[in-house]
Amino acid sequence: MKQERDQTHLLEMYRLMRLARSLDERMWQLNRQGKAPFVISCQGHEAAQVGAALALRAGHDWVVPYYRDLGVVLTMGMTPREVMLALMAKAEDPNSGGRQMPAHYSHRKLNIVSHSSPTGTQVPHAVGIGLAAQMRGDDIVVWTAYGEGTSSQGDVHEAMNLAGVMKLPVIFFCENNGYAISVPQRKQMGVENVADRAAGYGFPGVVVDGTNVLEVHEATMAAVERARRGDGPTLIEAKCVRLTAHSSDDNDRTYRTAEDLKAMKAQDPVVKFETYLTSEGILDDATKTKILNEIKEAVNDATKYAEAAPLPDPATVKRYVFAE
Amino acid sequence: MPVITFMEALRQALRDAMHADERVFIIGEDVVHYDSAYGVTKGFVKEFGDKRIRDMPIAEAGYAGLGIGAAMNGLRPVVEMMTTNFALLALDMIVNHAAKIHYMFGGQFTVPIVFRLPNGYGQLSATHSQAFDNYYAYIPGLKVVAPGTPYDAKGMMRAAIEDPDPVIFIEHTGIYSVKGEVPEESYTVPIGKSNLLRDGKDVTIVCYGRMTPMVQQAAEKLAEEGIDAAIVDLRTLRPLDMEPVIESFRKTNRAVIATEEWTSVGVGAEIAARLYTEGFDYIDAPIWRVGFDEVPMPYAKNLETAVVPHPESVIDAVKQVLAGKTQRIRQQ
């Protein structure tokens, strides 16, 4: 029974990772077709994102993601249709109704709050959400994410310091893919691991292989338990790979060698997990085909739905400046 | 009616709000152990405990962001920035987040937060004696208030805390000790309503915050000389209510705008522009502005005195307007 449950769990992990990848690939196609002005990718981060998000209680815990976290928001319950509506800035998009850039995920019902584009600014918000929960005695965990580039921001330091002082139920999740757009990690920081900095805030810092979904999941579960016990924050650094340019506005061939990309592709987390599941006899050809077909259908449906959906009505452009 | 100081009026409103709504809490630097930098919330820790009055590390952006997060998650934070000058470190949080979260995410989240920004001068020199009222008044999504009387201070603080949107509450430290009649009971003064403080037929003086009591003094002196000045206290800088200003201007056809800021590109410039666009048919003389000389604030008392506005500056500007003189603003 337990084995069966575990297998279902592992296949769900796989499905979510594949879904994130397929949806992401479709977004790039739409961008190149001129149908989506801006794409920023999760490719290479799927294991980190799905592994972490599955440790949280969807719609109960709060998630304060950053722009790469497609895998996270899908795991928390955002639908492919909702993602595509945001990409195309359609009226029905629950994230913003066409007011905010895509990938700035926000969904009230799912307790997803996002950032504006200055990176790292979402991290103090996560701490404030945690403080409100602590003051009310709510049994929640706040999970927030950012890249290693953003870990240089003062806001991130200030937020972690505050969370350490107040022992807040916040998990800081750094998705380190080695690049801050074009700047390699060695030019961003004098330490090898972002997680090493946790010592300066008085809580544990953990380094995990961000291409290994199971390792990330286990570390996040431990951080969640620690937070729920009232012991305070954890900083998890997931070493990821970035398999695309920074965004659709970027050409990474100007600063990244073919060898570097090749080495990162060899660590593709989706392929790695697929190989693992196959070798363990958990994923057979029939199951794989079924999952992939369902995903293809979902991505096609989302694309079609969003393309047909109406644009926001310009008559509504002045709504939401102030609360109604 | 009791006569109390501006500071006491603020304290009463904050205290009333803390009692009325347990979601209200105060964060800032030196609000617990020091009992608040200027003493506005003196005694609050004893009354409300250190769970609702919280000292913050010196990290303005961090705790401004923390306040925003807490507001999104259902609380009503009052964030005390020790001074307006330090709030510059949190400007991104205020401008890019507090102001825009409601709009950017299609109305899903509200950010009911009050940023208290004491400003002013008094031999504190260049980086500690500034007014950035126009920075905030420029931003869609913010409400910006700057009361000039104890009555409005109490009513607007209560209104700010109850407001569903982020409110920048500008408190001029130079009027903390100004006294006025303030009812004992709790009340609100609406945000977004300017107030005709004094009617007059010769000139309309527009002001807010610290300049309000100064303009009142000036108007009294002008009256002694037979000049009948109207005073419109803006009270709110965004959303700006020009109606009482235009209404008075229709009668006086002359205006002086007295604000404590560098004159160029300031709040006063917006008021002047609106008078020209909305009140063009009634203009009989150039509109004058009174503000700081456009230099970083000097330290020496005599130098400081030389660059800030006084009641005499207002009186002089009124006389220039009545004489039909044009004004030349200098940026040195």
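Residues numbered from 1 in each chain as written. Chains lettered and ligands numbered in written order. Predicted model: local features only at pLDDT ≥ 70, side-chain atom pairs only at ≥ 80, totals over all residues. Heavy atoms only, no water.

### Concerning the interface of chain B and chain A
Taken together, the contact pairs 40 residues of chain B with 41 residues of chain A. Carbon and sulfur atoms supply 67% of the area buried between chain B and chain A, which totals about 3,300 Å² over both sides. Applying the counting criterion to the chain B and chain A interface returns zero salt bridges. Counting across the interface, chain B meets chain A through 14 residue pairs in polar contact (both at pLDDT 80 or more). Elements represented by at least two residues in the side of chain B that touches chain A include exactly helix H3 (60-72), helix H5 (91-98) and helix H6 (101-104) of chain B. Looking at which element gives the most residues to the side of chain B that touches chain A, the answer is H3 of chain B, with ten residues. (Contact = heavy atoms within 4.5 Å. Buried area = accessible area lost by both parts, 1.4 Å probe. Salt bridge = Lys/Arg side-chain N within 4 Å of Asp/Glu carboxyl O. Polar contact = N/O pair within 3.5 Å; in protein donor to acceptor, adjacent residues only side chain to side chain. Helix = DSSP H or I, 4+ residues; strand = E, 2+ residues; numbered from the N terminus.)

### A closer look at the domain arrangement of chain B
Residue and element names in this part refer to chain B. Split by domain assignment, chain B resolves into domain 1 (3-181) and domain 2 (195-322). The gap between the C-alpha centroids of domain 1 and domain 2 is 26 Å. In this assembly, 31 residues from domain 1 lie in contact with 27 residues from domain 2. Surface buried jointly by domain 1 and domain 2 totals about 2,300 Å² across both partners, of which 57% is contributed by carbon and sulfur atoms. Of all residues in domain 1, Tyr121, Gln123 and Ala146 give up the largest surface area on contact with domain 2, accounting jointly for 27% of the area buried on that side. At the boundary of domain 1 and domain 2, one finds one salt bridge. Note that aspartate 152 is salt-bridged to arginine 235, the shortest N-O span being 3.0 Å. At the surface where domain 1 touches domain 2, the tally comes to 16 residue pairs in polar contact (both at pLDDT 80 or more). For the side of domain 1 that touches domain 2, the secondary-structure elements that each account for two or more residues are helix H7 (133-137), strand E6 (143-145), helix H8 (150-162) and strand E7 (167-172). (Domains from an automatic or database assignment.)

### Digging into empty space enclosed by the protein
Where empty space is left in the structure can be found by rolling a water-sized probe over the atoms. Counted under the stated rule, the structure contains three cavities of 30 Å³ or more. As a volume, the largest cavity reaches approximately 90 Å³. Lining the largest cavity are 13 residues; nearest its centre among them are Asp133, His172, Tyr208, Gly209 and Arg210 of chain B. Looking at the lining of the largest cavity, the element that brings in the most residues is E7 of chain B, giving three residues. When residues of the lining of the largest cavity are sorted by domain, at least three fall in each of domain 1 (3-181) and domain 2 (195-322) of chain B. Of the volumes computed, that of the second largest cavity is approximately 50 Å³. Lining the second largest cavity, in full, are Met27, Phe38, Val39, Ile40, Val83, Leu87, Pro102, Ala103 and Tyr105 of chain A. The residue inventory of the lining of the second largest cavity, partitioned by class, reads nine nonpolar, no polar and no charged. (1 Å grid on protein atoms, 1.4 Å probe; cavity = no way out; pocket = protein on both sides within 12 Å on 5 of 7 lines; lining within 4 Å. Points joined across faces, edges and corners; volume = space filled by probe spheres on them. Nonpolar A, V, L, I, M, F, W, Y, C, P; charged D, E, K, R; others polar.)

### Re the layout of surface pockets
Residue and element names in this part refer to chain B. Within this model, the largest pocket holds a volume of roughly 380 Å³. Taken together, 22 residues make up the lining of the largest pocket; nearest its centre are Thr263, Arg289, Gly291, Asp293 and Gln327. Broken down by element, the lining of the largest pocket gets its largest block of residues, five residues, from strand E14 (residues 288-292). The class makeup of the residues in the lining of the largest pocket is nine nonpolar, seven polar and six charged. Of the pockets and cavities examined, the second largest pocket occupies roughly 310 Å³. In terms of lining residues, the second largest pocket is bounded by Asn134, Ala137, Tyr138, Leu237, Arg238, Pro239, Leu240, Val265, Gly266, Val267, Glu270 and Arg274. Elements supplying a minimum of two residues to the lining of the second largest pocket: H7, strand E12 (236-238) and helix H11 (267-278).

### Section: the nonpolar core
Residues Phe172 of chain A together with Ile68, Met81, Phe115, Tyr136, Ile168 and Leu275 of chain B are the most contacted members of the largest nonpolar core, which totals 83 residues. Looking at which element gives the most residues to this core, the answer is helix H5 (residues 122-136) of chain A, with eight residues. Three or more residues apiece are contributed to this core by two domains, here domain 1 (3-181) and domain 2 (195-322) of chain B. When near neighbours in sequence (up to four residues on either side) are disregarded, isoleucine 168 of chain B contacts Ile94, Phe115, Leu117, Tyr136, Leu142, Lys143, Val144 and Val145 of chain B. (Core = buried A, V, L, I, M, F, W, Y, C linked by side-chain atoms within 4.5 Å. Buried < 20%, exposed > 50% of the residue type's maximum accessible area, 1.4 Å probe, protein only.)

### A few points about the sheet that holds strand E3 (residues 53-55) of chain B
Residue and element names in this part refer to chain B. Ordered in space as E3-E2-E4-E5-E7-E6-E12, the seven strands form an open sheet in which the pairing is mixed. Two strands in the sheet have a free side with no partner beyond their single neighbour: E3 and E12. Sheet twist, expressed as the mean angle between neighbouring strand axes with direction ignored, is 20°. Relative to E3, strand E2 (residues 24-28) runs parallel, the two sharing three bridges. Bridged to isoleucine 27 within E3 is arginine 54. Its contacts with the sheet put H3 on E2, strand E4 (76-80) and strand E5 (114-119), and the angle it makes with E4 is roughly 165°. (Pairing = 2+ DSSP bridges. Axes fitted to C-alpha atoms, helices over the stretch in contact; angles between N-to-C directions.)

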